[in-house]
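What follows is the residue order along each chain.
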Amino acid sequence: MKSTREQVNIIDAYQQLGSFRAAGQLCGVSDLTVKRVVERQRAGGPWRRPPRTVAKNTDPVRAVIEAKVRATDGRISAKRLGPQVKAAGYAGSARNLRRAVARAKADWRHHRRTYRPWIPTPGEYLVFDWTPVDNQLQMFCAVLCWSRYRFVRFAPTQRLEITLGMLAECFEELGGVPAKALTDRMSCLKAGVVANQVVPQADYLRFAVHFGFQPDFCEAADPESKGAVEHLCGYAQRDLVVPAEGFATPGQGNQAAREWDLEVNSRVHAETQAVPQARLEQERAWVRPLPSLRPPLRRGELRKGDRLQTVRFASARYSVPAQLVGQPVEVRVDTQEVVIEQGGREVVRHRLAGPGEAAILDQHYPGHTRRPVRAVRPRTSTEVTFLGLGPAAERFLRAAAAAGTSRLAGELAQIVVLEASWGREALIGALERATRFRRFRAEDL
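Worth saying up front: this structure is predicted, and the values here are computed from it rather than measured. (Residues numbered from 1 in each chain as written. Predicted model: local features only at pLDDT ≥ 70, side-chain atom pairs only at ≥ 80, totals over all residues. Heavy atoms only, no water.)

Here we look at the nonpolar core
Counting residues in hydrophobic clusters, the biggest one holds 31 residues, and the most contacted among them are Phe-128, Leu-189, Tyr-204 and Phe-213. Going through the elements one at a time, strand 1 (125–132), strand 2 (138–144), strand 3 (149–155), helix 7 (160–174) and helix 8 (202–211) are the ones with two or more residues in this core. Excluding anything up to four places from it in sequence, Tyr-204 contacts Phe-128, Leu-160, Leu-164, Leu-167, Ala-181, Leu-189, Phe-213, Pro-215 and Phe-217. In terms of nonpolar packing, the next biggest core, distinct from the first, is built from 22 residues, Leu-137, Met-139, Cys-145 and Leu-240 among them. (Core = buried A, V, L, I, M, F, W, Y, C linked by side-chain atoms within 4.5 Å. Buried < 20%, exposed > 50% of the residue type's maximum accessible area, 1.4 Å probe, protein only. Helix = DSSP H or I, 4+ residues; strand = E, 2+ residues; numbered from the N terminus. Contact = heavy atoms within 4.5 Å.)

Comments concerning the sheet that holds strand 8 (residues 301–304)
Strand order in the open sheet formed by 4 strands is 8-11-12-13, and the pairing between neighbours is antiparallel. In this open sheet, the two edge strands, each paired with only one partner strand, are strand 8 and strand 13 (345–351). Each neighbouring strand pair of the sheet contributes to a mean axis angle of 35 degrees, computed without reference to strand direction. (Pairing = 2+ DSSP bridges. Axes fitted to C-alpha atoms, helices over the stretch in contact; angles between N-to-C directions.)

With respect to the packing of aromatic side chains
Taken as a whole and judged by the stated rule, the model has 15 aromatic pairs. Relative to Tyr-125, the ring of Trp-118 lies with its centre 5.7 Å away and its plane at 75 degrees, an arrangement referred to as edge-to-face. The exposure class assigned to Trp-118 is partly exposed, which follows from its relative accessible area of 48%. Ring geometry for Tyr-204 versus Phe-213: centroids 6.2 Å apart, planes at 50 degrees, classification tilted. Its relative accessible area of 6% is what places Phe-213 among the buried residues. Linked through ring pairs, Phe-171, Tyr-204, Phe-207, Phe-211, Phe-213 and Phe-217 together constitute an aromatic cluster. For the cation-ring pair, Arg-279 lies above Trp-146, with the distance from its terminal atom to the ring centre recorded as 3.9 Å. (Phe/Tyr/Trp six-rings, centres within 6.5 Å; stacked < 30°, edge-to-face > 60°. Lys NZ or Arg CZ within 6 Å of the ring centre and 35° of its normal.)

Regarding the sheet that holds strand 9 (residues 310–313)
Hydrogen bonds between backbone groups are what pair the strands of a sheet, and the pairing can be parallel or antiparallel. Spatial strand order, 9-10-14: 3 strands in an open sheet with mixed pairing. Both outer strands of the open sheet, strand 9 and strand 14 (358–359), are each paired with one neighbouring strand and no more. Sheet topology places strand 9 next to strand 10 (residues 316–319); 4 bridges connect them, and they run antiparallel. Within strand 10, the position partnered with Val-311 by the bridge is Tyr-318.

Thoughts on helix 7
When the terminal C-alpha atoms of helix 7 are compared, their 21 Å separation across 15 residues agrees well with the 21 Å that a helix rising 1.5 Å per residue should span. Taken across its 15 residues, helix 7 has 12 buried, putting it largely inside the fold. Those residues of helix 7 that fall on the buried side of the exposure criterion are Leu-160, Glu-161, Ile-162, Thr-163, Leu-164, Gly-165, Met-166, Leu-167, Ala-168, Cys-170, Phe-171 and Leu-174. Structurally, helix 7 contributes buried residues whose contacts are with strand 1, strand 2, strand 3, helix 8, helix 11 (276–283) and strand 11 (328–334). Immediately beyond the C-terminal end of helix 7, within one or two residues, lies Gly-175, with a positive phi of roughly 80 degrees. (Expected span 1.5 Å × (residues − 1).)

Overview of unusual backbone geometry
Positive phi values are uncommon outside glycine, yet Gln-273 reaches one of about 55 degrees. On the secondary structure map, Gln-273 appears in the loop between helix 10 (250–264) and helix 11. One non-glycine residue, Gln-309, lies in the positive phi region at around 60 degrees. Tracing the backbone shows Gln-309 in the loop between strand 8 and strand 9.

Here's the deal with the confidence of the model for the protein chain
Taken over all residues, the pLDDT of the protein chain has a mean of 87, while the share at 70 or more is 94%. Predicted confidence in the protein chain is weakest over strand 11, with a mean pLDDT of 83, and strongest over helix 11, with 95. (pLDDT = per-residue confidence, 0-100.)

Looking at the packing of helix 14 (residues 408–422) against helix 15 (residues 424–437)
Relative orientation of the contacting elements helix 14 and helix 15 amounts to 135 degrees, with a least axis distance of 7 Å. When the interaxial angle is binned, helix 14 and helix 15 end up oblique. Contacts between helix 14 and helix 15 involve Ile-415, Leu-418, Glu-419 and Trp-422 from the former and Arg-424, Ala-426, Leu-427 and Leu-431 from the latter. Here the contact of helix 14 with helix 15 is composed, by residue class, of 6 nonpolar, no polar and 2 charged. (Parallel < 35°, antiparallel > 145°, perpendicular 65-115°, else oblique. Nonpolar A, V, L, I, M, F, W, Y, C, P; charged D, E, K, R; others polar.)

Some thoughts on the pattern of salt bridges
Here the structure, examined in full by the defined rule, presents 24 salt bridges. A salt bridge links Lys-226 to Asp-129, with the nearest nitrogen and oxygen atoms 2.8 Å apart. Taken together, the positions of Lys-226 in the loop between strand 7 (214–217) and helix 9 (227–239) and Asp-129 in strand 1 put the pair 97 residues apart, joining distant regions of the chain. Ionic pairing is found between Glu-161 and Arg-332, a salt bridge with its closest N-O pair at 3.1 Å. Taken together, the residues Glu-161 in helix 7 and Arg-332 in strand 11 connect sequence positions 171 residues apart. (Salt bridge = Lys/Arg side-chain N within 4 Å of Asp/Glu carboxyl O.)

Considerations on a positive patch on the surface
A cluster of basic residues, Lys-56, Arg-95, Arg-98, Arg-99 and Arg-103, forms a positive patch at the surface. Mapped onto the elements, Arg-95 comes out in helix 6 (residues 94–111). The exposure class of Arg-95 is exposed, given its relative accessible area of 52%. (Patch = residues over 30% accessible without salt bridge, like charges linked within 9 Å, V, L, I, M, F, W, Y side chains within 5 Å. Areas by Shrake-Rupley, 256 points an atom, 1.4 Å probe, with all protein chains shown as cover. Lys, Arg positive; Asp, Glu negative; His and termini not counted. Charge placed at Lys NZ, Arg CZ, Asp CG, Glu CD.)

Some words on the environment of Tyr-365
Along the chain, the position of Tyr-365 falls in the loop between strand 14 and helix 12 (381–387). Between the C-alpha atoms of Tyr-365 and Ser-19, which are 346 residues apart in sequence, the distance is 107 Å. In contact with Tyr-365, other than residues within four places in its own chain, are Leu-308, Gln-309, Thr-310, Ser-319 and Ile-360. There is a polar contact of 2.6 Å between the side chain of Tyr-365 and the backbone oxygen of Leu-308. (Polar contact = N/O pair within 3.5 Å; in protein donor to acceptor, adjacent residues only side chain to side chain.)

Structure below.
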């Protein structure tokens, strides 16, 4: 394909000479090339031919590739995407797939989410969140946005009262209360969502009113809207030294967390190029003062497991595992459930029972799940022979007795004799039918 300058020279030579052959000899090209360039110029077309559109074997699965790149924010590799596109019908080479994924990622980078830097105001925002450490402990993280002061603690669960206790402890360490507290839509803090507006849980709202801050919730499924604390969660998981076997108790973890807080808050922050502890002293001039009294956070009542493997709470009984018999436990109410704990760890949850009722779980009584029944004890030879017919005879006897059959002992004696005439199998079948239709006399069989 000739360049634009060469095509201009060819057109100029043709206009001067008026011959395709002469213009071609002057420019060193064939007369066909001159004709093609001149006709394209007369038609008003571009100097260059448009690139040919070549169908690729990745086109049928392009939608699958683009959707996966978009869902993973451009992080998925062609190797991981291979099984999915093959299941969607792709039969090409791995090299073509890598090229298609690279093109999809390049397009995604041009259309991905962009951000405007957020400049926090002193005393405005505290951002907090939970992150799991292992199967035993959860880590509470909070950041005071302007000073970048960091607060980390450990707890066994993310329950409402524990979360509020962590916030209260954080406010005391900060020496004041910010204007707003931002977090994600954790279930323990929200009562519902209406038209994308989060309704705070009543206890959380009372707590916020008492301390004097405004609860705020970020968008659903959008951790980037609270990136400051998300970064702290990852940083603490990487930098805070956790023993290989984990912390034995939350208290041991909290001691290590306090030492880590002192260390990181005394170092120069990479973003602000200032020491968070020093900036906190300045920010305290803008935060609100702590209330004179901390709100009483609800705690459970102490109970002891009795010989029935139950604890009594609010005039109702709740079952506990056998190992808690004689052991002290803590019982509290969580919405419509009763939670039983020991040593700060949840043992079991029950539905809230009314006074005089009992909430019993079968797994607390292995081997005693069936309702008790009165045992059948044959005393006479006739009873022994009749019950020797098997379970069908026992069911017949129980049903006949419950129905109030008169002269039942005599009827059993006549039924036993029928085995000699009709055989054992036929007699058992007749007993089953008689039990089903509630006919308990020998003549009915």
